[in-house]
Structure formats: structure tokens, C-alpha cells
Amino acid sequence: MTENDFLVALEENGYFKYADPEKIQAVKDGLLENLKAEKDFMTAFNLDEFGFQADAMDLRFYNCGDCEELFEEGGVTDLLDKMTSLFTKIGLNIKYSDDNYDDYKHTIKVNKRKYLLADNSPLGWGETFEKYAKMVNKELELHKSDERIYLYSHDSGEYMVFLTDTQYEIISSYIDINKRPLNVDEWIEKILSNRAN
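About the thresholds
Counting restarts for each chain, with residues numbered from 1 along the sequence as it is written. With the structure being a predicted model, the display of local features is reserved for residues of pLDDT at least 70 and the display and counting of side-chain atom pairs for 80 or more, all residues being used for whole-chain, interface and lining totals. In computing side-chain properties, one takes all heavy atoms of the structure into account and sets aside hydrogens as well as water. The rule for pairing is simple: two strands pair if DSSP sees at least two bridges between them. Where helices and strands are cited, they refer to DSSP runs of H or I of at least four residues and of E of at least two residues respectively, numbered from the N terminus. Interaxial angles span 0 to 180 degrees and are taken between N-to-C directions of axes, which are lines fitted to C-alpha atoms, for helices over the stretch in contact. A contact between two residues is defined here by any heavy atoms of the two lying within 4.5 Å. Each pair of aromatic rings taken from Phe, Tyr and Trp, with Trp reduced to its six-membered ring, is defined by centres within 6.5 Å and is described as stacked if the planes are under 30 degrees apart, edge-to-face if over 60, and tilted in the remaining cases. Throughout, exposure labels follow a simple rule: accessible area from a 1.4 Å probe, protein chains only, divided by the maximum for the residue type, with under 20% read as buried, over 50% as exposed, and the rest as partly exposed. Any pair of cysteine sulfurs within 2.5 Å is marked as a disulfide. Oblique is the label for any angle not under 35 degrees, not over 145, and not in the 65 to 115 range, which are roughly parallel, roughly antiparallel and roughly perpendicular in turn. Crossing handedness: left-handed means the near helix sits turned counterclockwise from the far one by under a right angle, and right-handed means the same turn made clockwise. Under the convention adopted here, Pro, Cys and the residues Ala, Val, Leu, Ile, Met, Phe, Trp and Tyr are nonpolar, Asp, Glu, Lys and Arg are charged, and Gly plus all remaining residues are polar. The reported arc concerns the directions from the helix axis to the C-beta atoms and nothing else.

### With respect to the sheet that holds strand β6 (residues 113-119)
Within a sheet, each strand pairs with its neighbour through backbone hydrogen bonds, oriented either parallel or antiparallel.
Then, number 1: Overall, antiparallel pairing links the three strands, which are arranged β4-β5-β6 in an open sheet. The open sheet has two edge strands, β4 (96-102) and β6, and neither has a second partner. Strand after strand, the sheet turns through a mean of 15 degrees between neighbouring axes, direction not considered.
Then, number 2: Here five bridges tie β4 to strand β5 (residues 105-110), and the two strands are oriented antiparallel to one another. Bridging from a neighbouring strand, Y101 pairs with H106 of β5.
Then, number 3: In the packing of helix α4 (residues 75-82) onto the sheet, the strands contacted are β4, β5 and β6, and the crossing angle to β4 comes to about 150 degrees.

### So, the packing of aromatic side chains
Then, number 1: One pass over the structure, following the stated rule, counts twelve aromatic pairs.
Then, number 2: Measuring from ring centre to ring centre gives 5.1 Å for F129 and W187, while their planes differ by 65 degrees; the resulting arrangement is edge-to-face. On the criterion of sequence distance, the pair formed by F129 in helix α6 (residues 126-142) and W187 in helix α8 (residues 184-196) is long-range, its members being 58 residues apart. A single burial state applies to F129 and to W187, both of which are buried.
Then, number 3: Seen in terms of ring centroids, Y152 and Y159 are 6.4 Å apart; in terms of plane orientation they differ by 45 degrees. Their pairing is tilted. Here the two residues Y152 and Y159 agree in accessibility, since each one is buried.
Then, number 4: An aromatic cluster is built from F6, Y15, F16, F41, F45, F61, Y152, Y159 and Y174, whose rings are joined through pairwise contacts.

### Considering the state of the cysteines
Then, number 1: Scanning all chains against the criterion turns up zero disulfides.
Then, number 2: Between C64, a cysteine without a disulfide, and C67, which holds the nearest cysteine sulfur, the sulfur-to-sulfur distance is 5.7 Å.
Then, number 3: Note on C64: relative accessible area 10%, which makes it buried.

### Quick notes on the packing of helix α1 (residues 3-12) against helix α2 (residues 24-38)
Then, number 1: The contact between α1 and α2 brings their axes to 10 Å, and the two run at 140 degrees. When the axis of α1 is compared with that of α2, the two are oblique. Between α1 and α2 the crossing geometry is right-handed. Here E3, N4, F6, L7 and E11 of α1 come into contact with α2, specifically with K28, L31, L32, L35 and K36.
Then, number 2: For the contact of α1 with α2, the per-class residue count stands at five nonpolar, one polar and four charged.

### Notes on helix α7 (residues 165-174)
Then, number 1: Every buried residue of α7 is accounted for by Q167, Y168, I170 and I171. Down the axis of α7, the smallest arc covering the buried residues is 160 degrees, so these residues share one side. Away from the buried face of α7 by more than 90 degrees, exposed residues E169 and S173 are located.

### Some thoughts on the sheet that holds strand β3 (residues 61-63)
Then, number 1: As summarised here, the arrangement of the three strands in space is β3-β8-β7, forming an open sheet in which the pairing is antiparallel. Among the strands making up the open sheet, the edge pair consists of β3 and β7 (147-154). Across the sheet, the mean angle from the axis of one strand to that of its neighbour is 25 degrees, orientation sign disregarded.
Then, number 2: Here three bridges tie β3 to strand β8 (residues 157-164), and the two strands are oriented antiparallel to one another. Residue Y62 lies in a different strand from β8, and its bridge partner there is M160.
Then, number 3: Contacting β7 and β8, α6 runs over the sheet at an angle of about 160 degrees to β7.

Right, dumping it as C-alpha cells:
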């Protein structure tokens, strides 16, 4: 499969359906550029006023930096707010309350269900990254959506990427495991294994 065949397979399986129609070509170009240069799965980003990477042009991608901001107070609600445009397109209504930090323990209610997002795990800041993904995936499952969050440790930071199972299989069959998003359990295994070595 060529890079172009890969993009066609993604398109045929709905990968670009949430992108702004005016930005679809830029998203494709960004994916293609990264495939050719780095052989990895990375999208195109808007730039801020200083020329630094801002939000992704592709609503499926969310940059969480080193996860410290997500772990800190207000980080989870900020990310939920950033994802609102995608949730709306999916048809998922997310309402949160009781965002509670108590030392290293963090809980939140989403759609009246209580989730534990941090409790001093060996993953450190990555614990909230992992548990946030599981929380949103649970809400997507209850909504009967075929989208899920996958986690991606890239040289430029930690990313959450929304994919269907089929899209994930296409990506997995074409891109090396170290250069693409992983399901949550695979990501945890990889991080803990890297820390043990």
C-alpha cells in the first residue's frame, strides 16, 4: 500500500468526516507529509501568533503536551471543552460537574457518573491521560458510538486521537507500533515497559 492508498483507505472509512471541509486537503497534506518524512501518523496543526503548534486542523487529534496540564486542576475540564466540537458532531452530549481535587486524588462527574482520574498511580501525570481516555470511551460506548480515544506518545508530546476500530486496523497494518496511536491498554503496557527498562 502506498501513502496515497493509505489516505484513500482512511477516507473510505470516514476518517475525514468530522474535519472542516475547507481544511480536509490541509489535513490530508499534513498526514502525507509526516508519512513521507517520518513514517509516522501525525496530522496538520494550526499555528498560533508566534508560529508555534496550536490546535490540530483535524478534530480527531488533541495535543496533551507532557500531560502535566491535564493532570493539574482545570486541565480535564479544559480538554472536555476543547473536544466539544467533536462531541457535537458525534452527537454525544457531555455534561460535567464536581471536578474535585484532593491531594493526588482527582474525581469528576460526567453525565452524572463519577470517574476517578488520578490516585497516585505509577503512571504519574500519565494516569490522568489514561483515565480520561477510558472515561470518554465509556461515554462513547454508552452513546453507542463506534469512535474511541487512542493514545499516542510522539516526540512532540502526548496525543489523544479519535478513531473507529476499522480506522485503527488500517493504521496498525501500515504504520509501525512506535509511530502510531495505541489502544489504552497497549499504551499503558508500552509506558510501563519503557520505564522498567
